[in-house]
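# Per-entry structural report
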Amino acid sequence: MAAVPVPPKPEWQDCDETSISCIWDPNPDCSYRLEYKEFPDSWEECMSIEIPKGQGKADAGDGKDSGNTVEELNPTSTYCLRLVAIKDGVESEPGEELIVDTQAAKCTPDADESKKNCVIS
């Protein structure tokens, strides 16, 4: 059985108040687990999303990510993201970390009333 390749470091693609999108150059033989945590929490408390084989790079057609977005994050917070490669059920060691700050919450009126970010009572 071939060794599981070292996962690449995710690269920042986009972020807003509550989400971070990243991309990487995927190995076609591997699926990935994208692990993330708020700084300074420990990795034992991390959350994760499973990324199927072939995903990781931005979609060549429209430039949007192919499901590599972590959501429901806290605004104005620092997050650490890293990848674990999975090949034939065997997991690699975690790869290098990407550190990203989410944006500050917008507390001004928005034309789209369905996207209220702040509540003042």
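Above: the structure in question.
A short tour of the structure in this document, coming up. (Residues numbered from 1 in each chain as written. Predicted model: local features only at pLDDT ≥ 70, side-chain atom pairs only at ≥ 80, totals over all residues. Heavy atoms only, no water.)

## Digging into the environment of Met47
- Along the chain, the position of Met47 falls in strand β4 (residues 47–51).
- With residues up to four places along the chain from it excluded, the contact list for Met47 reads Leu34, Glu35 and Tyr36. (Helix = DSSP H or I, 4+ residues; strand = E, 2+ residues; numbered from the N terminus. Contact = heavy atoms within 4.5 Å.)

## Overview of the pairing of strand β6 (residues 78–87)
- Across the 10 residues that make up β6, a large majority, 9, are buried.
- Note that strand β3 (residues 31–38) and β6 share 8 bridges and pair antiparallel. Within β6, the position partnered with Lys37 by the bridge is Cys80.
- Across 4 bridges, the pairing between β6 and strand β8 (residues 98–101) is antiparallel. By the bridge assignment for β8, Thr78 is matched with Asp101.
- Sheet topology note: the β6/strand β7 (residues 90–91) ladder contains 2 bridges and is antiparallel. Bridging from a neighbouring strand, Lys87 pairs with Val90 of β7.
- With antiparallel pairing between neighbouring strands as the criterion, β6 and β7 make up a hairpin whose turn holds 2 residues, including Asp88 at a positive phi of roughly 55 degrees. (Buried < 20%, exposed > 50% of the residue type's maximum accessible area, 1.4 Å probe, protein only. Pairing = 2+ DSSP bridges.)

## A look at unusual backbone geometry
- Residue Pro40 is bonded to the preceding Phe39 through a cis peptide linkage, with omega at 5 degrees.
- With respect to the helices, strands and loops of the structure, Pro40 is situated in the loop between β3 and β4.
- Here Thr76, not a glycine, exhibits a phi torsion of approximately 50 degrees, which is positive.
- Mapped onto the elements of the fold, Thr76 is located in the loop between β5 (69–70) and β6.
- Residue Thr76 is classed as exposed on the basis of its relative accessible area of 59%.

## Some thoughts on the sheet that holds strand β2 (residues 20–23)
- Taken in spatial order, the 3 strands of this open sheet run β1-β2-β5, and their pairing is antiparallel. Only two strands of the sheet have a single partner each, and these edge strands are β1 (11–15) and β5.
- Relative to β5, β2 is paired through 2 bridges, and the arrangement is antiparallel. For Ser21, the partnering residue across the bridge sits in β5 and is Thr69.

## Points about the pattern of salt bridges
- Taken as a whole and assessed by the stated rule, the structure comprises 4 salt bridges.
- Ionic pairing is found between Glu96 and Lys9, a salt bridge with its closest N-O pair at 3.9 Å. Taken together, the residues span a long stretch of sequence, with Glu96 in the loop between β7 and β8 and Lys9 in the segment before β1 at a distance of 87 residues.
- Exposure remark for Lys9: the relative accessible area of 39% places this residue in the partly exposed category.
- Within the structure, one salt-bridge network assembled from shared partners comprises Arg33, Glu35, Arg82 and Glu91. (Salt bridge = Lys/Arg side-chain N within 4 Å of Asp/Glu carboxyl O.)

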